[in-house]
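The chain contents come next:
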Amino acid sequence: MFSTKVLPPTAAAIEEAAALLRAGGVVAFPTETVYGLGANGFDPAACAKIYEAKGRPSDNPLILHIAHRAMLDEVALDVPEMAERLLAAFAPGPLTLVLRRRDAVPLGITGGLATVGVRMPENDVALALIRAAGVPLAAPSANTSGRPSPTTAQAVLDDLAGRIPLILDGGPCRFGVESTIVDVTGEAAVILRPGAITREMLEEVVGAVQLDPGLAAQERMAQAAKGADGEAADDARAAARAPRAPGMKYTHYAPRAPLTLLAAPPAALAAAFRRALAEAEGKTVGLLVSDETAAALAGEVEESRIVRLGARGDQRRIAARLYEALRSFDGKSVDCIFGEALDEAGLGLAIMNRLKKAAGYRIRRF
Ligand code: TXA
Ligand code: MG
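Residues numbered from 1 in each chain as written. Chains lettered and ligands numbered in written order. Predicted model: local features only at pLDDT ≥ 70, side-chain atom pairs only at ≥ 80, totals over all residues. Heavy atoms only, no water.

Trainee: I would appreciate a short explanation of the site of ligand 1 in the present structure.
Mentor: The environment of ligand 1 is formed by 28 residues, the closest being Thr-33, Asn-60, His-65, Ser-179 and Gly-247. Residue Thr-115 places a side-chain N or O atom 3.0 Å away from a nitrogen atom belonging to ligand 1. Between ligand 1 and Ser-141 there is a distance of 3.0 Å, counted from an oxygen atom to a side-chain nitrogen or oxygen. About the coverage of ligand 1: the protein hides 97% of its 680 Å² of free accessible area. (Near = heavy atom within 4 Å. Polar contact = N/O pair within 3.5 Å; in protein donor to acceptor, adjacent residues only side chain to side chain. Areas by Shrake-Rupley, 256 points an atom, 1.4 Å probe, with all protein chains shown as cover.)

Trainee: How should I be thinking about the layout of surface pockets in this particular structure?
Mentor: A water-sized probe, rolled over the atoms, reveals where empty space remains. In this structure, the largest pocket occupies an estimated 660 Å³ of space. Looking at the largest pocket, it is lined by 41 residues, and the ones nearest its centre are Arg-56, Pro-61, Ile-63, Ile-181 and Arg-193. The set of elements that each furnish at least two residues to the lining of the largest pocket consists of strand E4 (63-65), strand E6 (95-101), strand E7 (115-119), strand E10 (180-183) and strand E11 (190-193). Among the elements that make up the lining of the largest pocket, the one with the highest residue count is E7 (four residues). Class assignment for the residues of the lining of the largest pocket results in 17 nonpolar, 17 polar and seven charged. Looking at the second largest pocket, its volume works out to about 300 Å³. Contributing to the lining of the second largest pocket are 20 residues, with Ala-341, Leu-342, Asp-343, Glu-344 and Met-352 lying nearest its centre. Secondary-structure elements contributing two or more residues to the lining of the second largest pocket are helix H8 (213-224), helix H12 (315-328), helix H13 (348-358) and strand E17 (363-365). Here the lining of the second largest pocket is built from residues that sort into ten nonpolar, three polar and seven charged. (1 Å grid on protein atoms, 1.4 Å probe; cavity = no way out; pocket = protein on both sides within 12 Å on 5 of 7 lines; lining within 4 Å. Points joined across faces, edges and corners; volume = space filled by probe spheres on them. Helix = DSSP H or I, 4+ residues; strand = E, 2+ residues; numbered from the N terminus. Nonpolar A, V, L, I, M, F, W, Y, C, P; charged D, E, K, R; others polar.)

Trainee: Would you explain empty space enclosed by the protein in this entry?
Mentor: Following the criterion strictly, the structure yields two cavities of 30 Å³ or more and no others. The calculated volume of the largest cavity comes to roughly 80 Å³. Around the largest cavity, the lining comprises 13 residues; the ones closest to its centre are Leu-87, Leu-95, Val-118, Arg-119 and Met-120. Secondary-structure elements contributing two or more residues to the lining of the largest cavity are helix H4 (81-90), E6 and E7. Its residues assigned to classes, the lining of the largest cavity shows eleven nonpolar, one polar and one charged.

Trainee: What exactly am I supposed to notice about the pattern of salt bridges here?
Mentor: Opposite charge on two side chains permits pairing when their charged atoms draw close. Applying the stated criterion across every chain, the model contains 21 salt bridges. Two residues, Arg-100 and Asp-78, come together in a salt bridge whose shortest N-O distance is 2.2 Å. Here Arg-100 is found in strand E6, whereas its partner Asp-78 is found in the loop between strand E5 (76-77) and H4, with 22 residues between them in sequence. Note on Asp-78: relative accessible area 53%, which makes it exposed. (Salt bridge = Lys/Arg side-chain N within 4 Å of Asp/Glu carboxyl O. Buried < 20%, exposed > 50% of the residue type's maximum accessible area, 1.4 Å probe, protein only.)

The following block contains the structure:
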């Protein structure tokens, strides 16, 4: 057990964190996407503490965080042209590249894979910490495995208090969803996890970009799933083909009360919520909705049970609020949550990827 310290990211606090990292400890730190739980990426024993603190399955690889381009060559081999162009366009930023792994990277942190995920975060605290530690930092999101990723120091504390010694508090994260993961080891770039760098943005730099068929299979299965709790949904959950980012196969991002997404054309959404609410009579239902749907239902549902994500058109804001919104239900003692299925264009792909996972692929179409 630790008594977990939360410190503002002063030079002294960053030095204290770096000393912990150099000594083989773990530290939570802010990035522009979500908070990470870092350890020396070359030290398997230190990285084992990450898995332990999070309760993370050991086959789920960690990504390495670097502070400058030269650090990439310490961990990756044969960096292709395509990767260089993506780095020039998006590093530092919310993009993780999957590259061939150097032997220096312990197998224990890559889940036994021949590849390694690497990213350069666009956050001054993260960059200063990596520089001070002097090594690439292995860092998954700083949540308990399966919970929504933390976008504030408080959310890290809620999950990991007593399990880690130090959290650097850099305030709320700017993007709020994790980095886009792109595999650049093949002919064409493949998105393994959608994120703030959208497919459209990637295609402007490297031409056609594919979506991991494992993700698409999950999508198709989700579409095949009819009832909220029906057999089809269970089959879909079981059958969803394992995606290539190993972590994407686990239940994820889940609030404590079960979430079901309601999908309908915008004009029919309020009616869909009314119907689902009527059918759930007797249950205390929380709503996770756009400002528009919240406005349409105002007066019909107790205000304290409505969590607003933002205006439908403001995807940046919705992404930034998403995990805090999911976590906020843990304090509301609701029996279940109905969430609004949002548009999947642009950043919407990443938002809906996380929402569907949080819902365990329970989607009701109206
Ligand atoms: O924005 C982010 O990426 C955040 C911040 C902290 O940097 N980190 C993050 O890490 O989301 P994590 O561990 O929660 O998610 C990393 C994902 C997992 O799904 C993992 O399976 C996948 O990346 N991954 C890691 N290495 C991989 C590899 N070599 N090939 C395929 N997928 C990989
Ligand atoms: Mg994670």
